[in-house]
Amino acid sequence: MRKCLALAVMLLSLASASHAAPQPYVFADDSSAVLMNRDEAQAIWRAQVNDSQLARIRALYPTSKWGFVSQVEGGFTPEKICVVTARVMMVPRSTGGRLLFKPTKSATTFAAQPGATVEQCRATASDKLSQAVYALLTSLIVP
């Protein structure tokens, strides 16, 4: 009787583990604090990728082997021109789970906006990051 109960508990725990939420991708952001912070970058990523697309990406690129890095750099030139570069990369993970900076796929966007305010420059940075995420997504799967 004890063996049957132990077997039932083990099977139940295995069944519940197989229906657990999938592990999220490791995401790193290395952006200029003037233009973008990590939370904003993650929100842009989440807004670009719906659940069905994420499931398709996970099927092709397992979360245990891949992660993503975003970078938004730039600022103002002496002539007060807002210059932005946004880059998104898919990078492999090491056996320890850390991201290895060896981009397998990447997308980069650029912008320059004369006479922009700081808020307009931040909005441009968000827009360019959004475009870069979409470009990377379309290189991984057909949306």
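Our subject is the structure that appears above.
Rules used in this analysis
Residues numbered from 1 in each chain as written. Predicted model: local features only at pLDDT ≥ 70, side-chain atom pairs only at ≥ 80, totals over all residues. Heavy atoms only, no water. Helix = DSSP H or I, 4+ residues; strand = E, 2+ residues; numbered from the N terminus. Core = buried A, V, L, I, M, F, W, Y, C linked by side-chain atoms within 4.5 Å. Buried < 20%, exposed > 50% of the residue type's maximum accessible area, 1.4 Å probe, protein only. Contact = heavy atoms within 4.5 Å. Phe/Tyr/Trp six-rings, centres within 6.5 Å; stacked < 30°, edge-to-face > 60°. Axes fitted to C-alpha atoms, helices over the stretch in contact; angles between N-to-C directions. Parallel < 35°, antiparallel > 145°, perpendicular 65-115°, else oblique. Left-handed = near helix turned anticlockwise from the far one by under 90°. Lys, Arg positive; Asp, Glu negative; His and termini not counted. Salt bridge = Lys/Arg side-chain N within 4 Å of Asp/Glu carboxyl O.

Caption draft 1: Spotlight on unusual backbone geometry. The phi dihedral of Lys80 is positive, around 65°, even though this residue is not glycine. In this fold, Lys80 is placed in the loop between strand 2 (66-76) and strand 3 (81-92).

Caption draft 2: Up close: the nonpolar core. One finds Ile57, Phe68, Val72 and Leu129 to be the most contacted residues of the largest nonpolar core, which totals 30 residues. Contributing elements (two or more residues each) for this core: helix 2 (38-48), helix 3 (51-60), strand 2, strand 3 and helix 4 (118-140). At 8 residues, helix 4 tops the list of elements feeding residues into this core. The contacts of Val72, once residues within four sequence positions are left out, are Asp30, Ser31, Ser32, Leu35, Met36, Val84, Thr85, Ala86, Ala125 and Leu129.

Caption draft 3: Structural context of the packing of aromatic side chains. Per the counting criterion, the structure on display carries 3 aromatic pairs. Considering the side-chain rings of Tyr25 and Phe68, the 5.1 Å spacing of their centres and the 80° angle between planes classify their relative orientation as edge-to-face. Here the residue Tyr25 occupies a position in the loop between helix 1 (2-18) and strand 1 (26-29), and Phe68 occupies one in strand 2, the gap between them amounting to 43 residues. Of the residues examined, Tyr25 reaches a relative accessible area of 12% and is grouped as buried. Classification of Phe68 by relative accessible area gives buried; the value is 1%. For the pair Trp45 and Phe68, a centre-to-centre distance of 4.8 Å together with 35° between the ring planes defines the contact as tilted. Taken together, the positions of Trp45 in helix 2 and Phe68 in strand 2 put the pair 23 residues apart, joining distant regions of the chain. Summarising the burial analysis for this pair, Trp45 and Phe68 share the class buried. Pairwise contacts between aromatic rings join Tyr25, Trp45 and Phe68 into one cluster.

Caption draft 4: How the structure looks around the packing of helix 2 against helix 4. Contact geometry for helix 2 and helix 4: axes closest at 9 Å, N-to-C directions at 45°. Classified by the angle their axes make, helix 2 and helix 4 are oblique. Where helix 2 crosses over helix 4, the two elements pack in a sense that is right-handed. Residues Glu40, Ala41, Ile44, Trp45 and Gln48 of helix 2 lie in contact with helix 4, whose contacting residues are Arg122, Ser126, Leu129, Ser130, Val133, Tyr134 and Leu137.

Caption draft 5: Main features of the side chain of Lys128. Structurally, the position occupied by Lys128 is in helix 4. Nearest to the buried, unbridged Lys128 among oppositely charged side chains is Asp127, at 4.6 Å. Setting aside residues up to four positions removed in sequence, Lys128 forms contacts with Val84, Ala86, Thr109, Phe110 and Ala111.

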